[in-house]
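So you can see what is in the structure, the chains are spelled out below.
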Amino acid sequence: AHSGLVSERSESLANDSGAAAREVFEERTKQLEKRGLTFDRLARETKRQLAAKKPVQIKIKGKIEAELPAGAKVLASSEEETVIQLILTDEGTRSAAIDRVHKLRGDYAPDKVDVNHTATDDLIQALRDAKERALGVR
């Protein structure tokens, strides 16, 4: 009899916590949208960040006579050294954008999991009661 109550109580708690999480999510979404941070804007910005590039300067000893790769340019040159600039993918920004996409899609488990001990306490009490009945203590 107790296990049915525990199961019903656990299910009720799960439903209540799910409804509370949805309510919190909806309220946060409303607050973000009030400040102009709509889902569409976040998606556009994230898409832009997926294609992020950054300039990288490299010093090379000596003067370069060879043809540079596409997108590279000489910033400074002397007989001793040459400074060239390459435009490369910004992997840090791209990685953060990919992570954000997965978070927005809900692909990750929550960062924090709240554990409600009420159902566990009920289960422990039900087990104690069953043990006492089995031993004839009550």
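Rules behind the numbers
Think of each chain on its own: its residues are numbered from 1, step by step along the sequence as written. Per-residue local features of the predicted model are confined to residues with pLDDT of at least 70, and side-chain atom pairs are confined, for both listing and counting, to 80 or more; whole-chain, interface and lining totals are unaffected and use all residues. The basis for the side-chain values is all heavy atoms of the structure; hydrogens and waters are excluded. Strands here are runs of E lasting at least two residues and helices are runs of H or I lasting at least four, both read from the DSSP assignment and numbered beginning at the N terminus. Each polar contact in these results corresponds to two N or O atoms within 3.5 Å; when the atoms are within protein, one needs to be able to donate a hydrogen and the other to accept it, and residues that are neighboring in sequence are counted only if both atoms are side-chain atoms. Note on definitions: a residue-residue contact is assigned when non-hydrogen atoms from the two residues lie within 4.5 Å. For two strands to count as paired, DSSP must find a minimum of two bridges between them.

Participant: I keep staring at the side chain of Gln 49 and nothing clicks. Help me out?
Facilitator: Here Gln 49 lies in helix α2 (residues 39–50). A polar contact is formed between the side chain of Gln 49 and the side chain of Arg 100, at a distance of 2.7 Å. Residues within four places of Gln 49 in sequence aside, it is in contact with Thr 93, Arg 94, Ala 97 and Arg 100.

Participant: I would appreciate a short explanation of the environment of Arg 94 in the present structure.
Facilitator: By the secondary structure assignment, Arg 94 is in helix α3 (residues 91–105). Placed 45 residues apart in sequence, Arg 94 and Gln 49 show a C-alpha to C-alpha distance of 5.8 Å. Those residues in contact with Arg 94, other than ones at most four positions away along the chain, are Gln 49, Leu 50 and Thr 89.

Participant: Quick question: what am I supposed to make of the pairing of strand β3 (residues 81–89) here?
Facilitator: Along a regular strand, successive side chains alternate from one face of the sheet to the other. As paired strands, strand β1 (residues 53–61) and β3 are joined by nine bridges and run antiparallel to one another. Paired with Lys 54 across the two strands is Leu 88, which belongs to β3. Linkage of strand β2 (residues 73–77) to β3, two consecutive antiparallel strands, is achieved through a turn of three residues.

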